Structure formats: structure tokens, C-alpha cells
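These are the residues of each chain, in order.
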Amino acid sequence: MTDIAQPDSDRLSRFILQTAGVRGVRVHLREAWQAVRANGPYPPAIEEMLGEACVASALFTGHAKVDGRLSVQLRAPGPMRTLFAECTAAGTIRGIARFDGDGADVSRDLRALGDDALLAITIENPSPHREPNRYQGLVALTAESLSGAFEDYFRQSEQLPTRVLLAVDGGEAAGLMLQKLPGDDGDDDGWNRASALFDTLSTTELLRWPTETLLARLFPEDAPQLLGERPLEFGCSCSRGRVEEMLASLGADEARAAVVEGEAKVICEFCGQSYGFSAGEIDQLLETPGVDVEVSERLQ
């Protein structure tokens, strides 16, 4: 099959295969992924996994109730220390990877990351109380790829037959997810048929075809119908206020020790934004009562 058109970029599209009783989400990233990628350089294996994680974080917001943010995080004891991607309800995406050395020894096979490697999907939604409502699911790394690991997660934890295909090619990243509709069996062979057709889709087609073309060509007999679309873009949740909270949480000794040549400088690893604080501002921050300190397990 030939490349017939450029895809609809930086967009999440939800759809349904009516006769098959299957729902789905397609994500394509270009500028958003390029902004994340610019935080590198990353070695090829790590860059590919980071792009896939960014796509997955957006894909999973297509059906999950996310009023805050959904993150995908991989932690491993070896040279691939951590990989993090996040998509918010507003459609902003950010991601980062940390690794030892030049990262050349990091395997693309998740099973090679070690027995203590862990993949987590976390949803944080706003709460009227101080702490957000948090749901976290852990993914066993028994599959070779992130696509396979996420399929295992939905099958075991959510009891939903799910197919996931993720692809990264330089400055583009894309993903497709199918799920059997809860409580809807479709026709007698709907899920099996949709899953078999899913297996015929190449990563090149996933990256290059617009959503409507992809659905029409892949599922011509299942009445594909778009349910809605929303834009995606790179965005970071860092702010001066959050940096102040972080500095206050360090305590007086560590916060004051961060001052070098009259200024404490904090640079966000996700977007590169720099925040500077004079020694006097640090003292004022530490002396201000009632500072609302938010301590998060996420990378900041």
C-alpha cells in the first residue's frame, strides 16, 4: 500500500466500529513529539520508547475518565533508569527519559530491563480535598514491547480485550488502540475480525494515513464512525509557584545551599524553563507561613 496523504497531526480521534462492537482511539503526534524529543539527544532505543510512551499516554485518555492527567512511567535498575510521559485532560503532552552513560546499552526488549523493572499507568484527577484522587495500575514486563505490555495490562487488570499498536519514525509518532465495547458483543465474530484486521496494519500506514483513510481502508465492513477529535500539543505544568513549593519542601538548609553566587536557579527538565531566586527571596519563601507544599512522586 502506498503513502496516500499526510495524516492529521497532533490530534486524538475517537471512533467506533458499529457492527463489530468495538471502540477505538487513534493518536498522531508531530510538533508535540518534536518538542519532547528536543530535550534529548536520546539514543535510538530510548527515543523510540519515549515516543511510544507519549502516544500511549494520550491514547489512554481517549476512554478513561481523566479530568487531570494520565502518566506512563517506566523505572528500571539498569542503564535505563526512568522514562516518563504524561497527557492532561487539556491535551498537553510532555515526556522525559533518564539513563546512565550514553544509553547505548539500553535494550529495546523490555524483558531485558531486569526483574525489578516496573511500568505504571497513573491517573490523577482533581479533588475538592488537598490531595488529588489517584489511581495507579502496574504493568508486568513480560512482553517484548510497550504495545504488548499495555495489551497485557488491559486484559488482566481491566478485563477488556485490547489491541495496541505504537510507532515512532524520527519526528512523527502514532498509535492505534482497539477495545471490545463493554457489554456489547457486536456480531458473532466482531472482535476476532477487528483484531485480525488490526494485525494487517503496518507501522508505516499508521504513521502516514489520516484517521478517516485508515479506518475506511482497515475496517470497510464494520461501519467505522468518528465520535470526536481533539487537538494535542506539547505543554508543561511547571510554574514559579510549583518551584517555590519544591524549594520550601527541601527545608531551610538545602534551599539556602541551592543559592550559588547570589542566586538559586531551577531549570525544568521537561521544557527548559529557568526559574531564578535570590538569597533574599529564598529567605522570604522559607519565612512565609502556610506555604502549600505539594510533594509529588512524578518527575518534575
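Here the structure is a predicted model, which means the values were calculated and not measured. (Residues numbered from 1 in each chain as written. Predicted model: local features only at pLDDT ≥ 70, side-chain atom pairs only at ≥ 80, totals over all residues. Heavy atoms only, no water.)

K.L.:
Summarise the overall build of the chain; cite the residues concerned and give the values.
P.N.:
When helices and strands are counted, the chain shows 9 helices and 13 strands. Relative to the compact-globule value of 19 Å for 300 residues, the chain shows a C-alpha radius of gyration of 21 Å, a close match. Taken along its principal axes, the extent of the C-alpha atoms in the chain is 70 × 45 × 40 Å. Among the 300 residues that make up the chain, the fraction classed as buried is 48%. (Helix = DSSP H or I, 4+ residues; strand = E, 2+ residues; numbered from the N terminus. Rg over C-alpha atoms; globule rule 2.2 N^0.38 Å. Buried < 20%, exposed > 50% of the residue type's maximum accessible area, 1.4 Å probe, protein only.)

K.L.:
If you had to explain the sheet that holds strand E11 (residues 233-234) to someone new, which residues and values would you point to?
P.N.:
Hydrogen bonds between backbone atoms are what pair the strands of a sheet, whose relative direction is either parallel or antiparallel. Across the sheet, 6 strands lie side by side as E7-E6-E3-E4-E5-E11; this open sheet has mixed pairing. Every other strand in the sheet has two partners, leaving strand E7 (133-139) and E11 as the edge strands with one partner each. The pairing of strand E3 (residues 69-75) with strand E4 (residues 80-88) spans 7 bridges and is antiparallel. What sits directly across from Ser71, in E4, is Glu86. (Pairing = 2+ DSSP bridges.)

K.L.:
Residue-level account of the nonpolar core, with values.
P.N.:
Generally speaking, soluble globular proteins have nonpolar side chains that are buried together. Val27, Leu29, Phe60, Leu119 and Phe150 are the most contacted members of the largest nonpolar core, which has 54 residues in total. Sort the elements by how many residues they give to this core and helix H2 (residues 44-59) lands first, with 9 residues. When sequence neighbours within four positions are dropped, the list of residues in contact with Leu119 reads Val72, Gln73, Leu74, Gly137, Leu138, Val139, Leu141, Leu146, Ala149 and Phe150. Residues Leu17, Leu178, Trp191 and Leu218 belong to the second largest nonpolar core, which totals 20 residues. (Core = buried A, V, L, I, M, F, W, Y, C linked by side-chain atoms within 4.5 Å. Contact = heavy atoms within 4.5 Å.)

K.L.:
Go over the pattern of salt bridges with me, naming the residues and quoting the values.
P.N.:
Tallied over the entire structure, the rule returns 21 salt bridges. Between Arg94 and Glu86 there is a salt bridge whose closest N-O contact spans 3.0 Å. Both residues of the pair, Arg94 and Glu86, count as buried. Note that Asp283 is salt-bridged to Arg256, the shortest N-O span being 2.7 Å. One end of the pair, Asp283, is in helix H9 (residues 279-287); the other, Arg256, is in helix H8 (residues 252-257), and 27 residues separate them in sequence. (Salt bridge = Lys/Arg side-chain N within 4 Å of Asp/Glu carboxyl O.)

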